[in-house]
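Topology and contacts: notes
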Amino acid sequence: METAVGKLFERYERLFNRSLGGKADMDELVSLYACEFIGAAPAGVRTGKNDAQFRRALADGYARYRAIGTKAMRIRTIRFSPMDTLHCVAHVSWVATYARKDQPDVTVDFDVHYLVRMLDGEATVFGWVTGDEQALLEKHGIV
């Protein structure tokens, strides 16, 4: 499971950075996610489907990241917490680099906890838990 999840997040990182460069492959991006998923953040808990609306939300999200100067997202570490033979939590520590007007680039560390399941030997994300991204961006003068 750790190998499959590691490969999943290698793809995730690569696709994220390609999308920041304006070269999003939506078919590949949505393949990282299960047909249905759950997300939790300080604003609340939501469920969703891996459908056309989700594709638009992803595209809008990457456009927003580009607009605020996001240059790169890199995985610092991944820690695994297995739940059973088919499910785990992948605790991913990210390092984001942002360009700012008339100031040096800034890097921001943050964690996301992904719920991952194995299906036919492939790992997919079926949920995530995040902190307050907006507050973190404000704290670092990005937005």
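To continue, consider the packing of aromatic side chains. Evaluation of the coordinates by the stated rule reveals 15 aromatic pairs. For the pair Tyr62 and Tyr65, a centre-to-centre distance of 6.5 Å together with 55° between the ring planes defines the contact as tilted. Of this pair, Tyr62 and Tyr65 both sit in helix α3 (residues 52-67), three residues apart, which is roughly one turn of the helix. On the basis of relative accessible area, Tyr62 is assigned to the buried category, the value being 5%.

A few words on the pairing of strand β4 (residues 87-100). Of the strand pairs in this sheet, strand β3 (residues 70-82) and β4 are connected by 11 bridges, and their pairing is antiparallel. Bridging from a neighbouring strand, Met73 pairs with Ala96 of β4. Here β3 folds back onto β4, and the loop between the two strands holds four residues. Inspection of the sheet shows β4 paired to strand β5 (residues 103-119) by 13 bridges, in the antiparallel sense. Counted as the bridge partner of His91 is His113 from β5.

Here we take up the layout of surface pockets. If you roll a probe as big as a water molecule over the atoms, it shows you where there is empty space left. Here the largest pocket is characterised by a volume of approximately 1400 Å³. Along the wall of the largest pocket there are 39 residues; nearest its centre are Ala41, Tyr65, Trp128, Thr130 and Glu133. Within the residue set of the lining of the largest pocket, elements represented by two or more residues are α1 (2-20), β1 (33-41), β2 (44-49), α3, β4, β5, β6 (122-130) and α4 (133-139). Each residue belonging to the lining of the largest pocket can be placed in one class, and the counts come to 23 nonpolar, nine polar and seven charged.

The next point concerns the nonpolar core. Where a protein is soluble and globular, its nonpolar side chains tend to be buried together. Of all hydrophobic cores here, the largest spans 36 residues; its most connected members are Phe9, Tyr12, Leu58, Met73, Tyr98, Tyr114 and Val116. Taken together, the elements giving at least two residues each to this core come down to α1, α2 (26-30), β1, α3, β4, β5 and β6. Looking at this core, the element that brings in the most residues is α1, giving eight residues. In this structure Leu58 touches Met26, Leu29, Val30 and Tyr33, once residues within four positions along its chain are discounted.

This part takes up the side chain of His91. Tracing the backbone shows His91 in strand β4. At 2.9 Å, the side chain of His91 and the side chain of Ser81 are in polar contact. A distance of 2.8 Å separates polar atoms of two side chains, one belonging to His91 and the other to His113. Sequence-distant contacts of His91, that is, excluding residues within four places in its chain, are made with Thr77, Ile78, Arg79, Ser81, Val112 and His113.

Criteria and cut-off values
- Residues numbered from 1 in each chain as written.
- Predicted model: local features only at pLDDT ≥ 70, side-chain atom pairs only at ≥ 80, totals over all residues.
- Heavy atoms only, no water.
- Phe/Tyr/Trp six-rings, centres within 6.5 Å; stacked < 30°, edge-to-face > 60°.
- Helix = DSSP H or I, 4+ residues; strand = E, 2+ residues; numbered from the N terminus.
- Buried < 20%, exposed > 50% of the residue type's maximum accessible area, 1.4 Å probe, protein only.
- Pairing = 2+ DSSP bridges.
- 1 Å grid on protein atoms, 1.4 Å probe; cavity = no way out; pocket = protein on both sides within 12 Å on 5 of 7 lines; lining within 4 Å.
- Points joined across faces, edges and corners; volume = space filled by probe spheres on them.
- Nonpolar A, V, L, I, M, F, W, Y, C, P; charged D, E, K, R; others polar.
- Core = buried A, V, L, I, M, F, W, Y, C linked by side-chain atoms within 4.5 Å.
- Contact = heavy atoms within 4.5 Å.
- Polar contact = N/O pair within 3.5 Å; in protein donor to acceptor, adjacent residues only side chain to side chain.

These results come straight from atomic positions and should not be treated as a statement about function.
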